[in-house]
Amino acid sequence: MAPTFKDLQLTGIGGRDSTAIDVADDDLEDVRLLDSYDDVYAKSSEESGMKRIQVKVTGMTCAACSTSVEGALMSLNGVVSASVALLQHKADVLFDLNLVKEDDVKNAIEDAGFEAEILKEQNTNRTTKPQGGTLVGQFTIGGMTCAACVNSVEGILRKLNGVSRAVVSLPTSLGEVEYDPLIISKEEIVNAIEDAGFDASFVQSSEQDKIILGVVGVMSELDAQTLEGILCNLKGVKQFGFSRLSKELDVLFDTEILGPRSLVDAIVRESSGRFQLHVKNPFTRMVSQDEEESSKMYRLFTSSLLLSFPIFLMRFICPHIPLLYALLLKRCGPFQMGDWLNWILVTLVQFVIGKRFYIAASRALRNGSTNMDVLVALGTTAAYVYSVYALLYGAITGFWSPTYFETSAMLITFVLLGKYLESLAKGKTSDAIKKLVELVPATALLLVKDKGGKNVGEREIDALLIQPGDVLKVLPGTKVPVDGHVVWGSSYVNESMVTGESAPVLKEVDSLVIGGTINFHGLLHVQATKIGSDTVLSQIISLVETAQMSKAPIQKFADYVASIFVPTVVGLSFLTFLAWYISGYLGAYSDEWLPVNGNHFDFALMFAISVVVIACPCALGLATPTAVMVATGVGANNGVLIKGGEALERAQKVQYVIFDKTGTLTQGKATVTTVKVFTEMDRGDFLRLLASAEASSEHPLAKAILEYTRHFQFFEASKDSEHQNDGSAMSAWLLDVFDFHAVPGRGVQCLIDGKSILVGNRSLLTENGIEIPTHVENFVVDLEENAKTGILVAYDSELIGAVGVADPLKREAAVVVEGLKKMGVRPIMVTGDNWRTARAVAKEVDIQDIRAEVMPAGKADVIRSFQKDGSIVAMVGDGINDSPALAAADVGIAIGAGTDIAIEAADYVLMKNNLEDVITAIDLSRKTFTRIRLNYVFAMAYNVISIPIAAGVLFPWLRLKLPPWVAGACMALSSVSVVCSSLLLRRYRKPRLTTILEITVE
């Protein structure tokens, strides 16, 4: 029986225009997201025969392990859902008590090769934190112009109680905040940013049970109340908030009772079709916000240009047209007609269009910092105030000094032009995310089934409303909507947009497919397994986005310069004014240098204003983040996922690359090449013992042995039965195993028929007191010298046989190793295999430095030994048993991750199982930091050269003087130039190995 909601309170979560709905009269205002609901539902579920438990799982190292545990749990008949949290080492399992017991769950995990412990139930109360503790939220932040603004916002956020981490990105105008929802809400974070003078809005968070819907059909207050009434009566809705302004509906719901599609269908059904809802994709919303910002800057620029153009004409063109100039000189009251027009037009530009500069400057000063807006506001206000003063002074005294109205108007126009071009260029830097977002189809064809599981029709639904278990129809030429596996049909699928692999991949029944890939010619029925943020594409987008948010250490230089830049420039401007004014007053230069009707004050003032407006802190602030943004996007397009600017910076300094052998240098597809029995035991009995012992192991060599024995057993069994199922026949052929133990770096041991069996290397047997005869040692040595691994088998304390297993090298391994040497990087191989096999493999790929017989934990020690002298070390592993080493390395590179991109330990994730991408990763990082250094050189050189010129250093000799509006144009274009420089990285092409190796192709 489902729980009732009459005693619960639904609290609006929208914003300041959201509505809170009270469903009861009880005083429940402080209840956190229906605190008691989980308990109510747990009791209700248990009464109906369902139970939820949490299990501690030990031994998981990466997402492949968590997937293995999930698969083992879901294979149990009676398990409704199973979710495994890799980082928390926990599994959350919902199952039917009538079909499954707790011990069954525990045994299933242990049979998969992991240790399991059922956790005791904990009562939740009002002070308990939600599962997962903190949330990570993203917020758009408007009004930031340079690194000083970024520092200011980050400082404000980090001071908030409940915020544990805050990172702000200038190019994306995004802030990522990790916060405790019990201490501070997202609305309070938005308010804190707005109180600091910036615009802010919430984008998305890591909450899995929240959905944002756009609502069509709410035309009046009565409609809004009807919608809220429907939500109040929907079982499973925890919280909701409807914004009448944006027509957006935020809903927090219980995923065990309600799914996103069920929620939407229920609202449409209860409203009799009056309301139509569609899911708001947070990434699409961010893209639209970027376009809106560009449109806003364009409107401001064109408005300023329309008003400034007449001022430009009156100043420079009309004096050469007698008729027009005569009209401008006509007196109207105390001023000439031209003066009135100038004053009116410039006032509109200065205080209406240029209002944003005053707002931004005031917020910066209020927060104790300075930025580019302070310089623009200071320079334009000085020119405007002086021009107004000159007019009024002339009207009163009759002495007319020159005015500089055009300086203010044209300066604002050029700065806005620069901002518009900058916003367009910055938008290009995030093209990678836009392209990834566009890969997801908007809709999907859902196959509707009856209670018997028979297809009765199909229905087009929003792709964001797909639920796990849905069977979707994928037509030829269309995109696969979500991750899943094929349940019917076969076709070739183009996965290049996700993995970078150009060749189409054949997909048949049980094949895995990735959302966003393109189906070619066949019709497929795909069952959804991963949706939303769990899909490969969403994780890639999230990874790229997180990388673009991160800061490279070199950015600290720009942050420091930005903190002192504006005060320094203002000081230089003041000194410039004093130098020219005092030297003129003392007669150090001729009065012929002064403008017509000008004096020493306005002559010095124009130099000072030029210094203020030509200085550009923006170029410094954009030098690093724009390059990192483009590089991470380019990497994603080439199948190289980079986890941030820090990883990029370290990778370009790499001196050593340490390769794991199995699955990295080799193909990871071991095959049995030799089987030798040293006793009178029958070969079939020997393989049966061996396969029975290895059946419980997850090691690649164990799988190779099982594959070999499966074929052997198939041919033997086919003599007796031609119709027996291969899988069930194999299971029946294996012997019962007891007390199975995997010994890391050694092998496995267990009991069969009450006798001990050991399968592994020499160390395993000698440690258990079993001697290895000379002829067996010679046999194993011969295998090892031929790059094969020798596996010894002992039964009942007697060595009975040996198996030779080979894992062929990847075809590109030797060429990539040589390529790294040409790049000045020293390759090293580390393996748990024996020295002879290691030397044989190393000889084939020409690696001189090897470390063999190293335990998985010992690989990290090998890395630390190279780091002792300060060297930068990269580790390349398959991401399964190399996590400690990947984490210990300065740059961890997980290769061949494919759909497993959630490897926390690695800094780089290579989507393809191709070693060439190791070279791509290092080469891209080097190219990126070369570009960053060029950006810094340009930004610094610009300021170092332009400020003295603007101050008039060359004027005494060359009569070179930069009017303030020209200085403003230079300043605007400088930041655009830096962004465009970073955009050149989009032309990056993967290095050709022939070029690296300096091979001349005849």
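Everything here concerns the structure above.
Residues numbered from 1 in each chain as written. Predicted model: local features only at pLDDT ≥ 70, side-chain atom pairs only at ≥ 80, totals over all residues. Heavy atoms only, no water.

A tally of regular secondary structure across the protein gives 34 helices and 36 strands. Here the protein, with 1002 residues, has 52% of them falling under the buried criterion. Counted over contacts in the protein with a minimum sequence separation of 6, partners at least 24 positions apart contribute 70%. Summing over all exposed atoms, the protein offers an accessible surface of approximately 45300 Å²; the carbon and sulfur share of this is 55%. (Helix = DSSP H or I, 4+ residues; strand = E, 2+ residues; numbered from the N terminus. Buried < 20%, exposed > 50% of the residue type's maximum accessible area, 1.4 Å probe, protein only. Contact = heavy atoms within 4.5 Å. Areas by Shrake-Rupley, 256 points an atom, 1.4 Å probe, with all protein chains shown as cover.)

Another point: the side chain of Asp 849. By secondary structure assignment, the location of Asp 849 is in strand β33 (residues 849–851). Residue classification places Asp 849 among the buried positions, given a relative accessible area of 12%. One polar contact links Asp 849 to Arg 851, side chain to side chain, over a distance of 2.3 Å. (Polar contact = N/O pair within 3.5 Å; in protein donor to acceptor, adjacent residues only side chain to side chain.)

Right, let's talk about unusual backbone geometry for a bit. A positive phi angle, near 50 degrees, is found at Asp 739, a position not held by glycine. One non-glycine residue, Ala 787, adopts positive backbone phi at about 60 degrees. With respect to the helices, strands and loops of the structure, Ala 787 is situated in the loop between α26 (774–785) and β30 (788–795). Residue classification places Ala 787 among the buried positions, given a relative accessible area of 14%.

Another aspect to go through is the sheet that holds strand β12 (residues 276–279). In space, the 4 strands of this open sheet follow the order β10-β11-β9-β12, with antiparallel pairing throughout. The sheet is open, and its two borders are formed by β10 (237–243) and β12, each paired with just one other strand. Strand after strand, the sheet turns through a mean of 30 degrees between neighbouring axes, direction not considered. Running over the sheet, helix α6 (residues 221–232) touches β9 (210–216), β10 and β11 (248–253) and is turned about 170 degrees from β10. (Pairing = 2+ DSSP bridges. Axes fitted to C-alpha atoms, helices over the stretch in contact; angles between N-to-C directions.)

Strand β25 (residues 656–660) sits mainly inside the fold: 5 of its 5 residues count as buried. Going residue by residue along β25, you find Tyr 656, Ile 658 and Asp 660 tucked away on one face and Val 657 and Phe 659 tucked away on the opposite face as well. Pairing analysis gives 5 bridges linking β25 to strand β32 (residues 826–830), with the strands arranged parallel. Across the sheet, the residue bridging to Phe 659 is Met 829, located in β32. The pairing of β25 with strand β34 (residues 873–877) spans 4 bridges and is parallel. By the bridge assignment, Ile 658 is partnered in β34 with Met 875.

The subject of this paragraph is the packing of helix α4 (residues 147–158) against helix α17 (residues 555–585). Packed helices, taken two at a time, are described by their axes: the angle between them and the distance between them. Where α4 contacts α17, the two axes come as close as 8 Å, and the packing angle between them is 95 degrees. Considered as vectors, α4 and α17 are oriented roughly perpendicular to each other. Here α4 contributes Ala 147, Ala 148 and Asn 151 to the contact with α17, which in turn contributes Ala 558, Asp 559 and Ala 562. Its residues assigned to classes, the contact of α4 with α17 comprises 4 nonpolar, 1 polar and 1 charged. (Parallel < 35°, antiparallel > 145°, perpendicular 65-115°, else oblique. Nonpolar A, V, L, I, M, F, W, Y, C, P; charged D, E, K, R; others polar.)

Let's shift gears to helix α22 (residues 683–694). Three or four residues apart is the spacing at which side chains of an α-helix point the same way, because the helix has 3.6 residues per turn. A rise of 1.5 Å per residue sets the reference length of α22, with its 12 residues, at 16 Å; its end C-alpha atoms lie 16 Å apart and thus fit the reference within 8%. With 9 of its 12 residues buried, α22 lies for the most part within the structure. What α22 keeps buried is the set Gly 684, Phe 686, Leu 687, Leu 689, Leu 690, Ala 691, Ser 692, Ala 693 and Glu 694. By the N-cap criterion, in which a side-chain oxygen at the helix start approaches the backbone nitrogen of a residue two or three places on, α22 is capped by Asp 682, the distance to Gly 684 being 2.9 Å. (Expected span 1.5 Å × (residues − 1).)

Throughout the structure, instances matching the rule amount to 25 salt bridges. Note that Lys 106 is salt-bridged to Glu 110, the shortest N-O span being 2.9 Å. Residue Lys 106 and its partner Glu 110 are both found in helix α3 (residues 102–111); the two are separated by 4 residues, about one turn of the helix. Taking the shortest distance from any N to any O, the salt bridge between Glu 187 and Lys 186 comes out at 3.7 Å. Residue class for Lys 186 comes out buried when judged on its relative accessible area of 11%. Several salt bridges converge on common partners, so that one network encompasses Arg 762, Glu 777, Glu 784 and Arg 836. (Salt bridge = Lys/Arg side-chain N within 4 Å of Asp/Glu carboxyl O.)

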